[in-house]
Amino acid sequence: MATPMSASRFLERLRTEGATVVEVGDWEHHNRNHVGPWGPVHGVMIHHTVTRGSAQTVELCRNGYEGLPGPLCHGVITKDGRVHLVGYGRANHAGLGDDDVLRAVIAETALPPDNEANTDGNRHFYGFECENLGDGDDPWPSVQLEAIERVSAAICRHHGWTERSVIGHLEWQPGKVDPRGFTMASMRARIGERLG
């Protein structure tokens, strides 16, 4: 059981880990807390956006769209490796996922197949949307992958988690494919190295 860190501590942890952070508007108070709880937190979830263009991507993830209000994550990681903070607290990013996966994340054990959507993930995961078309062909620049590694490690370091607390949306919710273009196993290996 982990209490979410404060917004100021979140910002401090990301910067200490070497992430290049851009604060977007009143991100610290932009959330969906009025519709449900935020926390306890158990992990970090990585997504791709299926968008092109950094400015439009950040705006979409901050504001959301008809049927899915923003914020759609806590941070947007653009192709240039910058981390745009768009919200803090409950965010519409994880949706319903598999309770067996959540138990494995909490225990930091191997993930089972995600075959159910019965558990509120928006409550339990920090979320990062990463600018990419998600077609398997759109490249992932090295600075962007490094930023994913840094933000994940920063959060894990704060909570005393290992890299096993970082998952992809595709590992949480049946039918999801993101992030596509790199494997979460390879990203967890990078995070594990960074955590030492």
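For the chain, the name recorded in an unreviewed UniProt entry is N-acetylmuramoyl-L-alanine amidase, with Streptomyces chartreusis as its organism.

Before going further, it helps to spend a moment on the overall build of the chain. Per the secondary structure count, the chain includes five helices and ten strands. Taking 2.2 N^0.38 as the reference for a compact globule, 196 residues should give roughly 16 Å; the C-alpha atoms of the chain span a radius of gyration of 15 Å, in line with that estimate. Principal axes of the C-alpha set define a box for the chain whose edges measure 35 × 35 × 35 Å. The buried share of the chain, taken over its 196 residues, is 55%. Pairs at least 24 apart in sequence give 73% of the contacts found in the chain among residues at least 6 apart. Taken as a whole, the chain presents about 8,300 Å² of accessible surface, with 49% of it coming from carbon and sulfur.

This brings us to the environment of alanine 7. Structurally, alanine 7 can be placed in helix H1 (residues 7-16). For alanine 7, a relative accessible area of 14% puts it in the buried group. Separated by 21 residues in sequence, alanine 7 and glutamate 28 place their C-alpha atoms 5.7 Å apart. Beyond its immediate sequence surroundings of up to four residues, alanine 7 is in contact with Trp27, Glu28 and Tyr88.

Moving on, we get to the pattern of salt bridges. What the rule picks out here adds up to 13 salt bridges. Put simply, glutamate 171 and arginine 188 hold a salt bridge, and the shortest N to O gap is 2.8 Å. Note that glutamate 171 is positioned in the loop between strand E10 (166-168) and helix H5 (184-195) and arginine 188 in helix H5, a separation of 17 residues in sequence. By relative accessible area, arginine 188 is classed as buried at 16%.

Residues of H1 that are buried include every one of Ala7, Phe10, Leu11 and Leu14, and no others. In an axial view of H1, the angular spread of the buried residues amounts to 95°, which keeps them on one side of the axis. Structural note: H1 exposes Ser8 and Thr16 on the side pointing more than 90 degrees away from its buried face. Of the residues one or two after H1, glycine 18 is the one with positive phi, at around 95°.

Considering all chains together, one arrives at ten aromatic pairs under this definition. Here phenylalanine 10 and tryptophan 27 contribute two aromatic rings whose centre-to-centre distance is 6.3 Å and whose plane-to-plane angle is 50°, an arrangement assigned as tilted. Within this pair, whereas phenylalanine 10 is found in helix H1, its partner tryptophan 27 is found in the loop between strand E1 (20-23) and strand E2 (43-48), the two being separated by 17 residues in sequence. Among the aromatic side chains, those forming a connected cluster through ring pairs are Phe10, Trp27, Trp38, Tyr88, Tyr126, Phe128 and Trp161.

Conventions and cut-offs
- Residues numbered from 1 in each chain as written.
- Predicted model: local features only at pLDDT ≥ 70, side-chain atom pairs only at ≥ 80, totals over all residues.
- Heavy atoms only, no water.
- Helix = DSSP H or I, 4+ residues; strand = E, 2+ residues; numbered from the N terminus.
- Rg over C-alpha atoms; globule rule 2.2 N^0.38 Å.
- Buried < 20%, exposed > 50% of the residue type's maximum accessible area, 1.4 Å probe, protein only.
- Contact = heavy atoms within 4.5 Å.
- Areas by Shrake-Rupley, 256 points an atom, 1.4 Å probe, with all protein chains shown as cover.
- Salt bridge = Lys/Arg side-chain N within 4 Å of Asp/Glu carboxyl O.
- Arc of directions from axis to C-beta.
- Phe/Tyr/Trp six-rings, centres within 6.5 Å; stacked < 30°, edge-to-face > 60°.

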